Amino acid sequence: MQRGIDKPFLFITSILVVAGMFIFISASIGLLARAENLNVSGQIINQLLSLGIGLALALLVFRFPVTFWHTYSFYILLAGLAATLLVLIPGFGPEHGGARRWIEIGSVSLQPAEFLKFAFILYFAAWCTGVRKRIHTFTYGPLALLLLLVPVGFVLWLQPDYGSITIIGATGMCMLIFAGARWKHIISLSLIGGVCALLVVLFVPYIQDRVDTFLHPGKDPLASGYQIKQSLIAIGSGQITGRGFGQSTQKFNFLPEPMGDSVFAVFAEEWGFVGGIVLIGLFIAFLNFGYRIALRAETAFSRLVVLGFVTAIVTQSFINMGSMLGVFPLTGDPLVFVSKGGTSLVFTLIEIGIILAISKHTKEPGTAKT
């Protein structure tokens, strides 16, 4: 049954987009005191350009039938894997902070891992839909997810981009639960994931350092613990109501990446505990209204696509905010809708366009087709 688009979901998303741009503009002012002498107006224009491109593409995909994404999901996944591998080509994928996660084409920088997240969700939704009568078996459920995560995880491991691996794995698990997998298989898969994570911590020095910093943030406050220390100072300085818009002091030569993964610390300093709770509440509302669309979607594929997109967006956002609060180890993943990162913003808005297109064709709860 065709309805209008889901207005509460659109409303919450619009607030996040607008608020995110204002938070970004405030954080970008911190560049004025940086030795790199980066162009503040240039950064803002780039973010606005990414927003414009994302909105244009969202309007475009809004017109696509959901069957298009189902039919071509496998080819989209192949394209996502190929694009992500391009970052490993010397001279094509520049190195930054010991990682190769970007493709540079002239003055344009792209992060193909965002494309890969998008492609993974589409393909795994198509897989779960195709085998929905056998998803309760270990072979077609958890084992299939593990086998799919091998090539996806491998190309991200080479960058390395462990944050994206975590987000994709968590999203795949949620989709599998929603598709009808048995809980005993989910628990088994969780144990396998836990063992893999432990092995990574034990044998990957980079991850060992991140975990050690997480467990002992004050151990080396001028080096490995510097970012979390400055982040907590910024958040604590905000107290209850914050210093006010644009009044953060930590973004000036203190916080690393004030427009990137540290942007939540800038926001919390300026808007305080109240502002932080409001922002977290907006993401919870986004999750609630997104899941409501998923539950009412007409087909199993549509339900899983919406669930996957919403889960990935909120999971990444909570990991980012949690890492700035010292609840999770630092991952470097951006705060969705807010942090600098044109590719992330563009693909997020494309996902929003698809979700809104699906929301036009919904049924009353409990009547969705399988």
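Criteria and cut-off values
Residues numbered from 1 in each chain as written. Predicted model: local features only at pLDDT ≥ 70, side-chain atom pairs only at ≥ 80, totals over all residues. Heavy atoms only, no water. Helix = DSSP H or I, 4+ residues; strand = E, 2+ residues; numbered from the N terminus. Rg over C-alpha atoms; globule rule 2.2 N^0.38 Å. Buried < 20%, exposed > 50% of the residue type's maximum accessible area, 1.4 Å probe, protein only. Phe/Tyr/Trp six-rings, centres within 6.5 Å; stacked < 30°, edge-to-face > 60°. Salt bridge = Lys/Arg side-chain N within 4 Å of Asp/Glu carboxyl O. Contact = heavy atoms within 4.5 Å. pLDDT = per-residue confidence, 0-100. Patch = residues over 30% accessible without salt bridge, like charges linked within 9 Å, V, L, I, M, F, W, Y side chains within 5 Å. Areas by Shrake-Rupley, 256 points an atom, 1.4 Å probe, with all protein chains shown as cover. Expected span 1.5 Å × (residues − 1). Arc of directions from axis to C-beta. Core = buried A, V, L, I, M, F, W, Y, C linked by side-chain atoms within 4.5 Å. Axes fitted to C-alpha atoms, helices over the stretch in contact; angles between N-to-C directions. Parallel < 35°, antiparallel > 145°, perpendicular 65-115°, else oblique. Left-handed = near helix turned anticlockwise from the far one by under 90°. Nonpolar A, V, L, I, M, F, W, Y, C, P; charged D, E, K, R; others polar. Polar contact = N/O pair within 3.5 Å; in protein donor to acceptor, adjacent residues only side chain to side chain.

Asks: Would you mind going over the overall build of the protein chain with me for this structure?
Replies: Within the protein chain, the regular secondary structure consists of 13 helices and two strands. Whereas a compact globule of 370 residues would reach a radius of gyration of roughly 21 Å, the protein chain reaches 20 Å, a difference of no more than 12%. Judged by the C-alpha coordinates and their principal axes, the protein chain covers about 55 × 50 × 45 Å. Classification of the 370 residues of the protein chain by burial places 48% in the buried group.

Asks: Sorry, what's going on with the packing of aromatic side chains here?
Replies: What describes a pair of aromatic rings is the distance from one ring centre to the other and the angle between the planes of the rings. Enumeration over the complete set of coordinates arrives at 19 aromatic pairs. A centroid spacing of 5.0 Å and a plane angle of 35° characterise the contact between Phe 9 and Phe 286, whose relative ring orientation is tilted. Taken together, the positions of Phe 9 in helix H1 (residues 7-28) and Phe 286 in helix H11 (residues 263-296) put the pair 277 residues apart, joining distant regions of the chain. What makes Phe 9 buried here is its relative accessible area of 0%. Their ring planes at 15° and their centres at 5.5 Å tell us that Phe 115 and Phe 347 sit as a pair that is stacked. Taken together, the residues span a long stretch of sequence, with Phe 115 in helix H5 (residues 113-130) and Phe 347 in helix H13 (residues 342-359) at a distance of 232 residues.

Asks: Help me understand the pattern of salt bridges, please; the structure alone is not making it clear to me.
Replies: Side chains that differ in charge, positive against negative, can pair when their charged atoms come close. Under the criterion given, the structure shown has four salt bridges. Residue Lys 117 is joined to Glu 114 by a salt bridge in which the shortest nitrogen-to-oxygen separation is 3.4 Å. Pair noted here: Lys 117 and Glu 114 are both in helix H5, with a separation of three residues, about one helical turn. Glu 114 gets classed as buried once you look at its relative accessible area, which sits at 7%. The residue Glu 270 makes a salt bridge to Lys 251 at a minimum N-O spacing of 2.9 Å. Highlighted residues: Glu 270 in helix H11 and Lys 251 in the loop between helix H10 (226-238) and H11, separated in sequence by 19 residues.

Asks: Looking at this structure, how should I read the environment of Val 314?
Replies: You can see Val 314 is positioned in helix H12 (residues 300-324). Note: C-alpha distance between Val 314 and Phe 286 (28 residues apart in sequence) is 8.0 Å. Setting aside residues no more than four positions away along its own chain, Val 314 makes contact with Phe 283, Phe 286 and Leu 287.

Asks: I tried to follow the confidence of the model for the protein chain on my own but got confused; where do I start?
Replies: Low pLDDT means the predicted coordinates in that region are not meant to be read closely. Residues with a pLDDT of 70 or more make up 94% of the protein chain, whose mean pLDDT is 88. When mean pLDDT is compared element by element in the protein chain, H5 scores highest at 96, while strand E1 (residues 103-105) scores lowest at 77.

Asks: Teacher, can you tell me more about a nonpolar patch on the surface here?
Replies: On the surface, a cluster of nonpolar side chains totalling about 460 Å² of accessible area is made up of Leu 86, Ile 89, Phe 92, Ile 105, Val 108 and Leu 110. Looking at the secondary structure, you find Leu 86 in the loop between helix H4 (73-85) and E1.

Asks: Can you walk me through helix H8 (residues 183-203) in this structure?
Replies: Because each turn of an α-helix spans 3.6 residues, side chains separated by three or four positions in sequence point in the same direction. Helix length check: H8 (21 residues) gives 30 Å between terminal C-alpha atoms against 30 Å at 1.5 Å per residue, within 8%. Listed in full, the buried residues belonging to H8 are His 185, Ile 186, Leu 189 and Val 200. Looking down the long axis of H8, one finds its buried residues gathered within 100° of arc, a one-sided arrangement. For H8, exposure combined with an orientation more than 90 degrees from the buried face picks out Trp 183, Lys 184, Ile 187, Leu 191 and Val 195.

Asks: Can you help me understand the nonpolar core in this one?
Replies: Grouped burial of nonpolar side chains is what soluble globular proteins tend to show. Ranked by internal contacts, the top residues of the largest apolar core, which has 92 residues, are Phe 118, Leu 176, Phe 286, Phe 337 and Ile 354. In this view, Ile 354 contacts Val 61, Trp 69, Phe 118, Val 305 and Phe 309; residues no more than four positions away in its chain are not counted.

Asks: I keep staring at the packing of H11 against H12 and nothing clicks. Help me out?
Replies: The relative placement of two packed helices comes down to the angle between their axes together with the axis-to-axis distance. Axis separation between H11 and H12 bottoms out at 10 Å; the angle between their running directions is 165°. Comparing their axes, H12 and H11 come out roughly antiparallel. Seen along the crossing, H11 lies across H12 with a hand that is left-handed. Split into classes, the residues belonging to the contact of H11 with H12 amount to 20 nonpolar, four polar and one charged.

Asks: Explain the side chain of Thr 213 to me, please; I cannot follow it from the model alone.
Replies: Tracing the chain through its elements places Thr 213 in helix H9 (residues 205-215). Polar side-chain contacts of Thr 213 include one of 2.9 Å to the backbone oxygen of Asp 209. Every residue in contact with Thr 213, bar those within four places of it in the chain, is listed here: Ser 224, Gly 225 and Ile 228.

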